[in-house]
Amino acid sequence: MQRQHGLVLVLGPSGSGKTSLVSAGLVPALRRAALDGRWRLVSDTQLDLADLGSDPAGEAAADQAPCAFTLGLAAALLDWETAAGEALLCGFNAHDLARALRDTPQTVLAELRAALQGEAGTAASEHGLVLLFVDRLEALFRSPLAEAQQREAALRLLQTLAESGLVLVVAACRNDYYPQLAEHAWLMRDKAQGGHLDLAPPSAAEIAQMVRLPARAAGLSFGVDPATHQRLDDLLCDAAAASPDALPLLQYTLEQLYQQRSPHGELSFAAYQVLGGGAGGLEGVIAEQAEQLIRGLTLVQQAALPHVLALLVLVGEDEASPVGGRRALWSELREPAERELVQALVDARLLVSERSSEAAQDEPGFRVAHEALLRRWPRVTEWIAEHRQHLQARARLRQQVQRWTQGARAAEFLWPRGRQLQDALALRQRGLLALSEPELAFLNSCERRAAWSGRLKGAAVAALAGLTLLAGGMAWRAQQAEGVARQRSAQADDLLGYLLGELADKLRPIGRLELLHSVAGKALTHLGAQPVDGFGSNAALLQRGKALNVISEVRFARGDLPGVREASEQALSLIGNSVPLKDAASEYERQMVLGAAAFWRGQADYSIGDFDAASKALRQYLTAAERMQALRPDAFESLTELSYALNSLGSTDLARGELMMAATAFQRSASLKRQAVQLKPSDLTVKADLADTLSWLVSTQERRGEFVDALRVGQQRIALEAEIQALAPNDLKWQHSMAIAHLMQGRLYKDLGRFAEAAVHLKRAVVLSTRLVESQPDQLSWQDTHFVSRLESLEIEPMTARQRLSELSMLEKSCREVFSKTMDRLHTVRLVAKIHLLRAQQFVSLGDHGAEKETLEALAAHLVQASAKMADLFEIGWPQALVRLRLAELLRTEGRIEESVALCRQAKASVPPQLLRQSVQWTQVFERSAECLDETELARGAANWLKEVATRQATKLRDFSVN
């Protein structure tokens, strides 16, 4: 766990006690004491892969529904609970959680992390963790239906959980599947560090304890053989020690002996002999009981056994591969005799009837109680040996029918003439294994297609001679036609990209890109379906990438973030996988298109608060921009592109709390943009982009407590915005930028206590943003600026606390109406947090601490829910810490000291180390937390740093006022 490699593999032969060791040994031990004194087990759950059906890794529906493995995993994870019995992953059902695990597993881990923080141990050094026990991992490898790609996806998901630092994954696997495990580096990585536990078969002494101690505790005794005077328990121990399937056979035998115990509680030798142990040992018991049951059935029921076995048995393609069991469904039984046979085997405890998890829609199923039955019952082993090839053919058929069904029975999934089809048709003809209706329909379709192909082939042979005479002339004409077709396809792509670009250029200045939304969707479908090859492929490839980037921009303006990710991923795959072009001009254009695709992907990730993913995408953008500048060092376009990449990375660093890195990136970006302005003094766009970079620098300086420096940079920005607006007075985008500039300047003056200057700027921001939202109310970014401006202005307007509460209620109502569909977005979470904090302040002024506490608790719940979906240190993390500290103060006044201290600990633990003595806001949180915990020296150190910052700001403010 310390190295975030939270995987333990428990390996051993079938029946060696792997499941019992984990369930009855490891899990209770972890509940009693923290792992390594640091990780405390909060909850555990179990996923038995053998219960997921014959194809645990296979896709359940082609491209939408999660596979059986992911659904089963989701259903298992929903069993993780808090100490109070509430689900750790609340708000999900199994299908929603499965989709989140498949598409955005980091979002699930973020929610789990937030839930575990609330379950942290009382010791400051303890961290909460959850355990996932994956039983019978071999099911991923032994199913003939599990394709390599699907198996890899399942293992990657387990790896993501294990490397999160939150989940301990313990997997049990039969050791005869070790060669398959060894093919996956992740599963073998920690073997040398003790990540593998090889569970040997129990020794004779251990078997003796298993046999005798439970019997003694239950008041049972063992009989003696009257002929040899050997005790039954000794005989059982010797037989178990000699059997490779010791534990399941021993378990079954003891269970049968218990059912036939004497009135005095004796497990008799006579009963053991009757069960079949006298001649065949433990293997003889299970085989004899099965045989007795079969012999007692009707001939019709006995005849149903092959079909039932065909449902229960799994064999691999390799003749030497182990035989395993699969979970079959009751609905797969066709005749009453088959259902009667299965029920009889269930009653005899040779099979187990069960309901699956939500992953299988609770469809009833059954499986072998002990896989030793498949290896120790002569009737079954002989049947498997005789029909192994037929079972393999049936497995291949089942797999292909599944694909055919999921693919809407498309012809492309039908088998052509060949060995696979011949083997499957032989199954149908001989009737050895009964086939289902979908399987029969599949084979009929294959036959029809094969027959049609044969007729076509005959016609083709008959016409071959004539075609040969025409080949020479037609070849030349075909080449011409193909060239024309490809040229027209490239021209269509070029025209589509041109039209999208032209329309976007005209709609962008007036902020109406969303008008292209429906066109963009149809364009994406067309572009994704067309290949790029042949005539003019480089030009077509770049034009297609440009069109995809326009689609990303349109969808981003619309707030369609999944659509942005879809289009940008297509562009990244298309351009990123292409070969660098030898021509410098073409390669420059290729890098530009690639960088734009990475930018839009990063923007989508940033908007949902996934800053790690955003950073990864934006570094791709930076790399492309650096290559562009290397190709054209002094070009205006390369300077601006590199500055944009630095600006984007800086914004991500800021969100992650890397303030120094963010400041450096913004300063470099501003320097590059100033060079670009010198090259093109009349270019409004680059001036506006410089103003935007200055706004990011202001935000960074504000969070570092450098308010006066931020004011100076803010003045430069407002001057730039005024210059731009004078040249383009009707461009609404520049008006929005000016509104943001005044908003930020007003907030800085407010932070410095200069309320008169703050009121002037905030009033200007309110006026500008009001005009914008009145003209285009569907622009959510403009609405956000409008609400924040009103809220900041409301905080300093002269009015009573009750008047301010009334205004806040109306403001919140309007906010929720406007952002009803985006309440989980970062900007909306920020607004709601500000409203609640200001409302709580009004209750403090009124002395209504009950209402204050109720408001803060509601806000705390809102922030916990938000933090599970996104991470923002300043917009979510910092308000969350403030709420905890104020609630701690209120709890202390109520005498609830332990709860108060716990909240202070949580607040202190939430302080990012990189922001201590770097951010005024977070250093204040640390100081207050340390004071609450009576950590005087730590509190004093933080207070001294804050005092130094305040002193520097006071000096700078005097100089600023004079100048």
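Residues numbered from 1 in each chain as written. Predicted model: local features only at pLDDT ≥ 70, side-chain atom pairs only at ≥ 80, totals over all residues. Heavy atoms only, no water.

Caption draft 1: Focus on the overall build of the protein. On a plain count of helices and strands, the protein comes out with 40 helices and 12 strands. For the protein, the share of sequence-separated contacts (at least 6 apart) that also reach a separation of at least 24 residues comes to 68%. (Helix = DSSP H or I, 4+ residues; strand = E, 2+ residues; numbered from the N terminus. Contact = heavy atoms within 4.5 Å.)

Caption draft 2: Spatial organisation of the packing of helix 32 (residues 755-775) against helix 33 (residues 780-796). Close contact between helix 32 and helix 33 brings their axes to 8 Å; oriented N to C, the two are set at 150°. Comparing the axis directions of helix 32 and helix 33 gives the class roughly antiparallel. For the element pair helix 32 and helix 33, the recorded crossing hand is left-handed. Contacts between helix 32 and helix 33 pair F755, A758, A759, L762, A765, V766, S769, T770, L772, V773 and S775 from the former with W782, Q783, T785, H786, S789, R790, E792, S793 and I796 from the latter. Grouping the constituent residues of the contact of helix 32 with helix 33 by class yields 10 nonpolar, eight polar and two charged. (Axes fitted to C-alpha atoms, helices over the stretch in contact; angles between N-to-C directions. Parallel < 35°, antiparallel > 145°, perpendicular 65-115°, else oblique. Left-handed = near helix turned anticlockwise from the far one by under 90°. Nonpolar A, V, L, I, M, F, W, Y, C, P; charged D, E, K, R; others polar.)

Caption draft 3: Looking closely at the pairing of strand 4 (residues 167-174). Burial analysis of strand 4 places eight of its eight residues in the buried class, the great majority of the element. Neither face of strand 4 is open: one carries V167, V169, A171 and C173, the other L168, V170, A172 and R174, and all of them are buried. Here six bridges tie strand 1 (residues 7-12) to strand 4, and the two strands are oriented parallel to one another. Residue pairing for strand 4: V10 is matched across the bridge by A172. Inspection of the sheet shows strand 3 (residues 127-135) paired to strand 4 by five bridges, in the parallel sense. Residue pairing across strands places V134 opposite A171, the latter belonging to strand 4. (Buried < 20%, exposed > 50% of the residue type's maximum accessible area, 1.4 Å probe, protein only. Pairing = 2+ DSSP bridges.)

Caption draft 4: How the structure looks around the side chain of S643. If you trace the backbone, S643 turns up in helix 27 (residues 636-655). When residues no more than four places from it in sequence are discounted, the contact partners of S643 are S669, L672 and K673.

Caption draft 5: Spatial organisation of the environment of V167. If you trace the backbone, V167 turns up in strand 4. For V167, a relative accessible area of 0% puts it in the buried group. Distance from V167 to L112, taken between C-alpha atoms, is 9.4 Å for residues 55 residues apart in sequence.

Caption draft 6: Examining the pattern of salt bridges more closely. All told, the structure shown has 36 salt bridges when counted by the stated rule. Close ionic contact of D48 with R136 constitutes a salt bridge, the shortest N to O distance being 2.6 Å. Taken as a pair, D48 in strand 2 (residues 39-48) and R136 in the loop between strand 3 and helix 5 (139-142) lie far apart in primary sequence, 88 residues in all. The pair D48 / R136 is uniform in exposure class, with both members buried. Residues R839 and E812 are paired through a salt bridge, measuring 2.8 Å at the closest nitrogen-oxygen approach. Pair noted here: R839 is in helix 35 (residues 826-846) and E812 is in helix 34 (residues 801-818), with a separation of 27 residues, a long-range link. Under the relative-accessibility criterion, E812 is labelled buried at 12%. (Salt bridge = Lys/Arg side-chain N within 4 Å of Asp/Glu carboxyl O.)

Caption draft 7: Broad picture of the packing of helix 36 (residues 849-867) against helix 37 (residues 873-893). Two elements in contact, helix 36 and helix 37, have axes whose closest approach is 9 Å; the angle formed by their N-to-C orientations is 145°. Helix 36 and helix 37 meet at a crossing whose hand is left-handed. Along its contact with helix 36, which presents H849, E852, K853, L856, E857, L859, A860, L863, V864, A866 and S867, the element helix 37 presents I876, P879, Q880, V883, R886, L887, L890 and L891. Across the contact of helix 36 with helix 37, the residue classes break down as 12 nonpolar, three polar and four charged.

Caption draft 8: Fine view of the sheet that holds strand 3. Judged by pairing direction, the sheet is parallel, and its five strands sit side by side in the order 2-3-4-1-5 without closing on themselves. Of all the strands in the sheet, the pair left with one neighbour each is strand 2 and strand 5 (196-198). Averaged over neighbouring strand pairs, the angle between their axes works out to 20° when direction is ignored. The sheet strands contacting helix 2 (residues 68-77) are strand 2 and strand 3, and the helix crosses strand 2 at an angle near 140°. The strands touched by helix 4 (residues 105-117) within the sheet are strand 2, strand 3 and strand 4, with strand 3 carrying the most contacts at an inclination of about 125°.

Caption draft 9: Focus on the environment of L805. Note that L805 resides in helix 34. If near-sequence neighbours (up to four positions away) are discounted, L805 is found in contact with R839, Q842, F843 and L846.

Caption draft 10: Geometry of the environment of L694. If you trace the backbone, L694 turns up in helix 29 (residues 684-703). Taking the C-alpha atoms as reference points, L694 and S669, 25 residues apart in sequence, are found 9.2 Å from one another. Setting aside anything within four residues of it in sequence, one finds L694 in contact with A670, R674, V713, Q716, R717 and L720.

Caption draft 11: Quick look at the state of the cysteines. Within this structure, the stated rule accounts for one disulfide. Note on cysteine connectivity: C904 is disulfide-linked to C932, with sulfurs 1.9 Å apart. Torsion about the S-S bond of the C904 and C932 cystine: about 85°, corresponding to right-handed handedness. Taken together, the residues C904 in helix 38 (residues 897-909) and C932 in helix 39 (residues 920-932) connect sequence positions 28 residues apart. Take C904 and C932: they sit in the same class, and that class is buried. (Disulfide = S-S within 2.5 Å.)

Caption draft 12: Quick look at helix 39. For helix 39, built from 13 residues, the straight-helix expectation of 18 Å at 1.5 Å per residue is met to within 8% by its first-to-last C-alpha distance of 18 Å. Buried within helix 39 we find V920, W922, T923, V925, F926, E927, S929, A930 and C932. For helix 39, the capping residue at the N-terminal end is S919, with a side-chain oxygen 3.4 Å from the backbone nitrogen of Q921. Where helix 39 ends, the next residue or the one after it, D934, has phi of about 60°, a positive value. (Expected span 1.5 Å × (residues − 1). Polar contact = N/O pair within 3.5 Å; in protein donor to acceptor, adjacent residues only side chain to side chain.)

Caption draft 13: Geometry of the packing of aromatic side chains. Inspection of the entire model under this criterion finds nine aromatic pairs. With a centroid separation of 5.5 Å and an interplanar angle of 75°, the aromatic rings of W415 and F442 are classed as edge-to-face. Taken together, the residues W415 in the loop between helix 19 (378-406) and helix 20 (419-430) and F442 in helix 21 (residues 437-507) connect sequence positions 27 residues apart. The interplanar angle of 20° and the centroid separation of 5.7 Å between the aromatic rings of F666 and W696 together place this pair among those described as stacked. Here W696 lies in helix 29 and F666 lies in helix 28 (residues 659-679), a separation of 30 residues in the sequence. (Phe/Tyr/Trp six-rings, centres within 6.5 Å; stacked < 30°, edge-to-face > 60°.)

Caption draft 14: Up close: the side chain of N647. Tracing the sequence through the fold places N647 in helix 27. In contact with N647, other than residues within four places in its own chain, are F666, S669, K673, D692, T693 and W696.

Caption draft 15: Representation of helix 11 (residues 232-241) within the structure. Buried within helix 11 we find L232, D233, L236, C237, A239 and A240. Along the axis of helix 11, the buried residues cluster in a sector spanning 165°; they form a single face. (Arc of directions from axis to C-beta.)

Caption draft 16: Quick peek at unusual backbone geometry. Positive phi, close to 60°, is recorded for H229, a residue that is not glycine. In this fold, H229 is placed in the loop between strand 6 (221-222) and helix 11. Of note in the backbone geometry, D934 takes a positive phi value of approximately 60° without being a glycine. A relative accessible area of 66% means that D934 is categorised as exposed.

Caption draft 17: Just the confidence of the model for the protein, in detail. Taken as a whole, the protein shows an average pLDDT of 79; of its residues, 82% reach a score of 70 or greater. Here helix 22 (residues 517-529) is the element of the protein with the lowest mean pLDDT, 47, and strand 4 is the one with the highest, 92. Counting contacts from residues 57-65, a segment whose pLDDT is below 50, to residues more than four positions away or on other chains yields 25 contacts. Note that residues 356-361 has pLDDT below 50 and, in this model, 16 contacts with residues that lie over four places away or in other chains. (pLDDT = per-residue confidence, 0-100.)

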